Amino acid sequence: MTDRIGANEALARLSGWSAVDGRDAIRKVYEFADFNAAWGFMSRVALKADQMDHHPEWFNVYNKVDVTLATHDASGVTEKDVALATFMDGIA
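Since the structure is predicted, the reported quantities are computational estimates derived from the model, not experimental observations.

Asker: I'd like a rundown of the overall build of the chain, residues and numbers included.
Answerer: Each helix and strand in the chain was counted, giving 3 helices and 4 strands. In summary, the chain has a C-alpha radius of gyration of 13 Å against a globular reference of 12 Å for 92 residues, a match within 12%. For the chain, the C-alpha atoms occupy an extent of roughly 35 × 25 × 20 Å along the three principal directions. In the chain, which comprises 92 residues, the share counted as buried stands at 39%. In the chain, 63% of the contacts between residues at least 6 apart in sequence involve partners at least 24 apart. Looking at the chain as shown, the accessible area adds up to about 5200 Å², and 50% of this sits on carbon and sulfur atoms. Charged side chains of the chain number 9 positive and 14 negative; the gap between the two group centres comes to 3 Å.

Written out as C-alpha cells, the structure is:
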C-alpha cells in the first residue's frame, strides 16, 4: 500500500489543481485547441499511467479533459498522484 499524503499537501505542490468535494482526491480540467490535441494528451498520459501502474479517472468531451486523481488502495492522495499530476502538467 502507498502512504497517503492528502489533497492539501498535494495541492500545495501543484498549480491549477483543486480538491474534490467529499473525498481525498485532486482534480484539474485541461483545455486544448481541439479534440485531436486532447486525445494526444490522453494517449501520452495513458502510456505513463500504465508504466506507473497508476491510472487516472477522467472524462473527455471534445477539447476538454477532466482529470481526478486519487490512489484507491490508499483511499486518498499519495505521491503517485503528485507524480502523475506533475507529468500531466508538463505535457499539457
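Structure shown, so let's carry the discussion forward.
Asker: So what's going on with helix α3 (residues 79-91)? Which residues, and what values?
Answerer: Between its first and last C-alpha atoms α3 spans 19 Å; for 13 residues at 1.5 Å apiece the expected length is 18 Å, and the two agree. Within α3, the full set of buried residues consists of D81, V82, L84, A85, M88 and I91. On its buried face, α3 sits against α1 (7-13), β2 (26-31), α2 (35-52) and β4 (64-69).

Asker: How would you sum up the environment of R13? Please name residues and give values.
Answerer: Of note, R13 is situated in helix α1. Given a relative accessible area of 42%, R13 falls into the partly exposed group. Once the C-alpha coordinates of R13 and T86 are considered, the two residues, 73 residues apart in sequence, prove to be 9.2 Å apart. If sequence neighbours within four positions are ignored, R13 has contacts with I5, E79 and V82. Only 2.8 Å separates the side chain of R13 from the side chain of E79, close enough to count as a polar contact.

What counts, and at which threshold
Residues numbered from 1 in each chain as written. Predicted model: local features only at pLDDT ≥ 70, side-chain atom pairs only at ≥ 80, totals over all residues. Heavy atoms only, no water. Helix = DSSP H or I, 4+ residues; strand = E, 2+ residues; numbered from the N terminus. Rg over C-alpha atoms; globule rule 2.2 N^0.38 Å. Buried < 20%, exposed > 50% of the residue type's maximum accessible area, 1.4 Å probe, protein only. Contact = heavy atoms within 4.5 Å. Areas by Shrake-Rupley, 256 points an atom, 1.4 Å probe, with all protein chains shown as cover. Lys, Arg positive; Asp, Glu negative; His and termini not counted. Charge placed at Lys NZ, Arg CZ, Asp CG, Glu CD. Expected span 1.5 Å × (residues − 1). Polar contact = N/O pair within 3.5 Å; in protein donor to acceptor, adjacent residues only side chain to side chain.

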